[in-house]
Amino acid sequence: MPVLDEIEAAIPSLRAYARGLVRDRDAADDLVQDTLESAVAHAGQWRGDGALRGWLYRILLNRFRDGLRRGRAAPVVALVTEPSVPATGDTRLHLAQVHAAMGRLPEDQRAALLLVAMEGMTIAEAASALGIAQGTLASRLGRAREALRQMTGHDQDNRPRKGNAT
């Protein structure tokens, strides 16, 4: 598949990832636009090692970080997928808690979690996209998941124990 066709095929997932990094739909679309412009302008520089998709995510993440440094993008996260089943009151409350907690994660942990949990990348793919070692990615994922459990009150110590009556 030609590079430009692969870039075009990646647009929906780039858009979802960008919406996971920034709350505003227009800002996410601008981020994807910047990413695509850079990718097309530098398509000849892609070495062909690894997946093109990972290279595109790396460009997008770098653009996002550049925006943070310039103060353009707020480091928040948005839920970008619709649940397959209508949410109950408890489910909505839990999703709101997770949403707020993800917004409080450090940017490196949030970026790793979004690639693996929302985009479905493997550890190897996400590590390549972020330009880090797989062990580093695994550590960030572990810290992010633990922080989410603690921030949402679902850590090990708060889980109900079997056999305990309340």
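Residues numbered from 1 in each chain as written. Predicted model: local features only at pLDDT ≥ 70, side-chain atom pairs only at ≥ 80, totals over all residues. Heavy atoms only, no water.

## Details of the overall build of the protein
Going by this rule: Working definition: helices are DSSP H or I runs of at least four residues, strands are E runs of at least two. Numbering for both runs from the N terminus. When a residue's accessible area, from a 1.4 Å probe over protein chains only, is under 20% of the maximum for its type it is buried; when over 50% it is exposed; and in between it is partly exposed. Should any heavy atoms of two residues lie within 4.5 Å, those residues are considered in contact.
For the protein, the count of helices and strands is eight helices and zero strands. When its helices and strands are written in sequence order, the protein yields α-α-α-α-α-α-α-α. Classification of the 166 residues of the protein by burial places 34% in the buried group. Counting contacts in the protein only where the partners sit at least 6 residues apart, residues at least 24 apart contribute 66% of the total.

## Some remarks on helix 7 (residues 123–130)
Along an α-helix, residues three or four positions apart point the same way, because every turn accommodates 3.6 residues. Definition in use: The arc in question is formed by the directions pointing from the helix axis toward the C-beta atoms.
Inspection of helix 7 places Ala126, Ala127, Ala129 and Leu130 among the buried residues, and these make up the whole buried set. Taken down its axis, helix 7 places every buried residue within 160 degrees of arc, on the same side. Summarising the contacts, the buried residues of helix 7 are in contact with helix 2 (11–21), helix 4 (52–70), helix 6 (107–118) and helix 8 (134–151). Once helix 7 finishes, glycine 131 follows within two positions and takes phi at roughly 70 degrees, a positive value.

## Quick look at the nonpolar core
Spelled out, the test is: For this analysis, a nonpolar core means a set of buried residues of the types Ala, Val, Leu, Ile, Met, Phe, Trp, Tyr and Cys, connected via side-chain atoms within 4.5 Å.
Leu14, Tyr17, Leu56, Leu60, Leu115, Leu130 and Leu137 are the most contacted members of the largest nonpolar core, which totals 40 residues. Elements supplying a minimum of two residues to this core: helix 2, helix 3 (25–41), helix 4, helix 5 (89–104), helix 6, helix 7 and helix 8. Here this core takes eight residues from helix 4, the largest share from any one element. Those residues in contact with leucine 14 that sit more than four places away from it in its chain are Val32, Leu36, Leu56, Tyr57 and Leu60.

## Quick word on the pattern of salt bridges
Selection criterion: When a carboxyl oxygen of Asp or Glu is within 4 Å of a side-chain nitrogen of Lys or Arg, the pair counts as a salt bridge.
Applying the stated criterion across every chain, the model contains six salt bridges. Residues arginine 65 and glutamate 107 are paired through a salt bridge, measuring 3.0 Å at the closest nitrogen-oxygen approach. Residue arginine 65 is located in helix 4, and its partner glutamate 107 is located in helix 6; the two are separated by 42 residues in the primary sequence. Several salt bridges converge on common partners, so that one network encompasses Arg15, Arg19 and Asp29.

## Overview of helix 8
What counts is decided by this rule: Here, expected helix span is obtained from the residue count minus one, scaled by 1.5 Å.
Counted at 1.5 Å a residue, the expected span for helix 8 with its 18 residues is 26 Å, and the 25 Å between its end C-alpha atoms agrees. Along helix 8, the residues classified as buried are Leu137, Arg140, Leu141, Ala144, Ala147 and Leu148. Down the axis of helix 8, the smallest arc covering the buried residues is 135 degrees, so these residues share one side. Downstream of helix 8 by a residue or two, glycine 153 has a phi angle that is positive, lying close to 75 degrees.

## Here's the deal with the packing of helix 2 against helix 6
Rule in force here: Axis geometry follows a simple rule: fit a line to the C-alpha atoms, using only the stretch in contact for helices, then measure angles between N-to-C directions, giving values from 0 to 180 degrees. In a left-handed crossing the near helix is turned counterclockwise from the far helix by less than a right angle, and in a right-handed crossing that turn is clockwise.
The geometry of helix 2 relative to helix 6 is characterised by a closest axis approach of 10 Å and an angle of 145 degrees between their N-to-C directions. Along this stretch, helix 2 crosses helix 6, giving a crossing that reads as right-handed. Across from Tyr17, Gly20 and Leu21 in helix 2, the residues of helix 6 making contact are Ala111, Leu114 and Leu115.

## Structural notes on the packing of helix 4 against helix 7
Threshold: Working rule for angles: under 35 degrees goes down as roughly parallel, over 145 as roughly antiparallel, 65 to 115 as roughly perpendicular, anything else as oblique.
Where helix 4 meets helix 7, the closest approach of the two axes is 7 Å, and the angle between their N-to-C directions is 45 degrees. Judged on the interaxial angle alone, helix 7 and helix 4 are oblique. The handedness of the crossing between helix 4 and helix 7 is right-handed. Residue-level contacts link Gly54, Tyr57, Arg58 and Leu61 of helix 4 to Ser128, Ala129 and Leu130 of helix 7.

## Quick notes on the packing of aromatic side chains
What counts, and what does not: When two rings of Phe, Tyr or Trp (its six-membered ring) have centres within 6.5 Å they constitute a pair, described as stacked for plane angles under 30 degrees, edge-to-face for angles over 60, and tilted for the intermediate range.
Counted by the stated rule, this structure contains one aromatic pair. Here the aromatic rings of tyrosine 17 and tyrosine 57 are separated by 5.2 Å at their centres, their planes lie at 65 degrees, and the arrangement is edge-to-face. Pair noted here: tyrosine 17 is in helix 2 and tyrosine 57 is in helix 4, with a separation of 40 residues, a long-range link. Across the pair, tyrosine 57 and tyrosine 17 agree in class, each one buried.

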